[in-house]
Amino acid sequence: MSNRIKTDSRSLEKKDVDAMLKELDGWILEADTIAKTLEFGDHYETMNFVSLLTIISRQEKTSVGILANENSVKVYLKGMTVDNYKVARRIDVVSKARN
């Protein structure tokens, strides 16, 4: 059994990006980055979610841009690739589970 992780970092065509964004919850395209802003009740919820993002980033071996303030987090994934789409879906699942 191989320890290699299959990745798919191919850039997607605009039509594919548009289709995938429709499947994601609240993600938008900003230049060559997809982004999502999430709101939280307080600073502790915000920081807890940031901690979850760092775990996802490490597990997925990708960079997740994070801009956090007291009650919100903006998440950035640079480049619209199949891998980043999968990470965005995972972030959606985690963000829905907190509600």
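Residues numbered from 1 in each chain as written. Predicted model: local features only at pLDDT ≥ 70, side-chain atom pairs only at ≥ 80, totals over all residues. Heavy atoms only, no water.

Undergrad: I tried to follow helix 3 (residues 82-97) on my own but got confused; where do I start?
TA: For an α-helix, the turn length of 3.6 residues means that residues three or four places apart are oriented alike. The end-to-end C-alpha distance of helix 3 is 23 Å, a good match for the 22 Å that 16 residues give at a rise of 1.5 Å each. Of the positions making up helix 3, those classed as buried are Val82, Asn84, Tyr85, Val87, Ala88, Ile91, Asp92 and Ser95. Contacts made by the buried residues of helix 3 are with helix 1 (14-23), strand 2 (33-39), helix 2 (43-60) and strand 4 (72-78). (Helix = DSSP H or I, 4+ residues; strand = E, 2+ residues; numbered from the N terminus. Expected span 1.5 Å × (residues − 1). Buried < 20%, exposed > 50% of the residue type's maximum accessible area, 1.4 Å probe, protein only. Contact = heavy atoms within 4.5 Å.)

Undergrad: Just to check I follow, could you spell out the packing of helix 2 against helix 3 for this structure?
TA: Packed helices, taken two at a time, are described by their axes: the angle between them and the distance between them. Interaxial distance between helix 2 and helix 3 falls to 11 Å at its minimum, and their mutual angle equals 150 degrees. Of the two elements, helix 2 crosses helix 3, and the hand of that crossing is right-handed. Contacts between helix 2 and helix 3 pair Phe49, Leu52, Leu53, Ile56, Gln59 and Glu60 from the former with Val87, Arg90, Ile91, Val94 and Ser95 from the latter. By residue class, the composition of the contact of helix 2 with helix 3 is seven nonpolar, two polar and two charged. (Axes fitted to C-alpha atoms, helices over the stretch in contact; angles between N-to-C directions. Left-handed = near helix turned anticlockwise from the far one by under 90°. Nonpolar A, V, L, I, M, F, W, Y, C, P; charged D, E, K, R; others polar.)

Undergrad: Could you clarify how one ought to interpret the pairing of strand 4 in this entry?
TA: Side chains on a regular strand alternate between the two faces of the sheet. Pairing analysis gives seven bridges linking strand 2 to strand 4, with the strands arranged antiparallel. If you follow Thr33 over to strand 4, its bridge partner there is Lys78. Direction of pairing for strand 3 (residues 65-68) relative to strand 4: antiparallel, over a ladder of four bridges. Residue pairing in the sheet places Leu67 in a bridge with Lys74 of strand 4. Hairpin connection from strand 3 to strand 4: three residues lie between these consecutive antiparallel strands. (Pairing = 2+ DSSP bridges.)

Undergrad: How should I be thinking about the environment of Asp42 in this particular structure?
TA: Here Asp42 shows up in the loop between strand 2 and helix 2. For the pair Asp42 and Glu70, spaced 28 residues apart in sequence, the C-alpha separation works out to 6.4 Å. Not counting chain neighbours up to four residues away, the residues in contact with Asp42 comprise Glu70 and Asn71. For Asp42, the side chain forms a polar contact with the main-chain nitrogen of Tyr44, separated by 3.0 Å. Polar contacts involving the side chain of Asp42 include one to the main-chain amide nitrogen of Glu45, which spans 2.9 Å. (Polar contact = N/O pair within 3.5 Å; in protein donor to acceptor, adjacent residues only side chain to side chain.)

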